[in-house]
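Report on the structure
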Amino acid sequence: MRQSWDEYFLEIALKVATRSTCLRRKVGSVAVNINHRIIGTGYNGAPAGLSHCTKETCIRTKNNIPSGELPHICKAIHSEANIVLQLGDGLQNSTLYCTTKPCINCLKLLMGAQVRRIVWIEDYNDAYSDQLMLEYGKIIEHSGYKSLVRKELEEGEILLLQKLSDHSPNDVYHRL
């Protein structure tokens, strides 16, 4: 059976993540236009012109900073931010595929660039980013291949949501 577009582009995002120079977390992203054509890719790592982190120089490793805490204490640029840097307005109405749920800062950048849809594999609980997604006018749906999808609503459509689970990393939202 032929795989879906979402599965296809998520697999490419996983491959893009292998280019990451971060020692602690490999993240990749793929931006796709409405015709299912790749318009850009990004991975996390040190900005151009700076040295990559090593076990001896990574400030997060040296200070035992847990994943998800104090994200501003890191040399790396996130994969999603790299795509925004590359494409800017070219992201308008695109779909972004990412190996990990975008952090709150990347989410705001993607919203500012008017990305239509965000699909990711690895999820984590962040009630505030979920709230921003809903405020942006999107529905979060859990799909069969364990990715979360952010969809654009039709203009004027009333959004009523029923949250099926309060604490599951696989939270599901449906239209009522």
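So, about the overall build of the protein. Looking only at helices and strands, the protein has five helices and eight strands in total. The order of helices and strands in the protein, counted from the N terminus, is α-β-β-α-α-β-α-β-α-β-β-β-β. Taking all 176 residues of the protein together, 37% fall into the buried category. A sequence separation of at least 24 residues applies to 52% of the contacts in the protein between residues at least 6 apart. Here the protein displays about 10,300 Å² of accessible surface, and carbon together with sulfur accounts for 52% of that area.

Another point: the confidence of the model for the protein. Residues of the protein with pLDDT of at least 70 account for 77%, and the chain-wide mean is 79. In the model, residues 144–176 has pLDDT below 50 throughout and makes 88 contacts with residues more than four positions away in sequence or in other chains.

The end-to-end C-alpha distance of helix H1 (residues 5–17) is 18 Å, a good match for the 18 Å that 13 residues give at a rise of 1.5 Å each. Every buried residue of H1 is accounted for by Asp-6, Phe-9, Leu-10, Ala-13, Val-16 and Ala-17. One face of H1 carries all of its buried residues, which in axial projection span an arc of 110 degrees.

Moving on, we get to the packing of helix H4 (residues 104–112) against helix H5 (residues 127–135). Where H4 meets H5, the closest approach of the two axes is 10 Å, and the angle between their N-to-C directions is 10 degrees. With respect to their mutual orientation, H4 and H5 come out roughly parallel. Touching Ile-104, Leu-107, Lys-108 and Met-111 of H4 are Tyr-128, Ser-129, Leu-132 and Met-133, all from H5. Here the contact of H4 with H5 is composed, by residue class, of six nonpolar, one polar and one charged.

By secondary structure assignment, the location of Ser-94 is in the loop between helix H3 (79–87) and strand S3 (95–100). Along the backbone, Ser-94 and Ile-39 are 55 residues apart, and their C-alpha atoms lie at a distance of 8.8 Å. In contact with Ser-94, other than residues within four places in its own chain, are Val-32, Ile-39, Val-115, Arg-116 and Arg-117.

With that settled, consider H4. Side chains that are three or four residues apart share a direction in an α-helix, a result of its 3.6 residues per turn. When H4 is considered as a whole, its buried residues turn out to be Cys-106, Leu-107, Leu-110 and Met-111. One face of H4 carries all of its buried residues, which in axial projection span an arc of 140 degrees. Positioned one or two residues after H4, Gln-114 has a phi angle of 65 degrees, which is positive.

On to the packing of H3 against H4, then. With their axes 9 Å apart at the nearest point, H3 and H4 run at an angle of 30 degrees to one another. Considering the angle they form, H3 stands roughly parallel to H4. For the element pair H3 and H4, the recorded crossing hand is left-handed. Touching Glu-80, Ala-81 and Val-84 of H3 are Cys-106, Leu-109 and Leu-110, all from H4. Here the residues of the contact of H3 with H4 are counted per class, giving five nonpolar, no polar and one charged.

Quick look at unusual backbone geometry now. The phi dihedral of His-36 falls on the positive side, at around 65 degrees, and the residue is not glycine. Judged by relative accessible area, which is 31%, His-36 ranks as partly exposed. Look at Gln-114: it is not a glycine, yet its phi comes out positive at around 65 degrees. Note that Gln-114 resides in the loop between H4 and strand S4 (117–122). According to the relative accessible area criterion, Gln-114 is partly exposed, its value standing at 41%.

Here we come to the pattern of salt bridges. All told, the structure shown has four salt bridges when counted by the stated rule. Between Arg-25 and Glu-122 there is a salt bridge, with its nearest N and O atoms 2.5 Å apart. Here Arg-25, found in the loop between H1 and strand S1 (28–32), pairs with Glu-122, found in strand S4; they are 97 residues apart in sequence, far enough to count as distant. Taking the shortest distance from any N to any O, the salt bridge between Lys-101 and Asp-130 comes out at 2.9 Å. Note that Lys-101 is positioned in the loop between S3 and H4 and Asp-130 in helix H5, a separation of 29 residues in sequence. As far as burial versus exposure is concerned, Lys-101 and Asp-130 are alike and both buried.

What counts and how
- Residues numbered from 1 in each chain as written.
- Predicted model: local features only at pLDDT ≥ 70, side-chain atom pairs only at ≥ 80, totals over all residues.
- Heavy atoms only, no water.
- Helix = DSSP H or I, 4+ residues; strand = E, 2+ residues; numbered from the N terminus.
- Buried < 20%, exposed > 50% of the residue type's maximum accessible area, 1.4 Å probe, protein only.
- Contact = heavy atoms within 4.5 Å.
- Areas by Shrake-Rupley, 256 points an atom, 1.4 Å probe, with all protein chains shown as cover.
- pLDDT = per-residue confidence, 0-100.
- Expected span 1.5 Å × (residues − 1).
- Arc of directions from axis to C-beta.
- Axes fitted to C-alpha atoms, helices over the stretch in contact; angles between N-to-C directions.
- Parallel < 35°, antiparallel > 145°, perpendicular 65-115°, else oblique.
- Nonpolar A, V, L, I, M, F, W, Y, C, P; charged D, E, K, R; others polar.
- Left-handed = near helix turned anticlockwise from the far one by under 90°.
- Salt bridge = Lys/Arg side-chain N within 4 Å of Asp/Glu carboxyl O.

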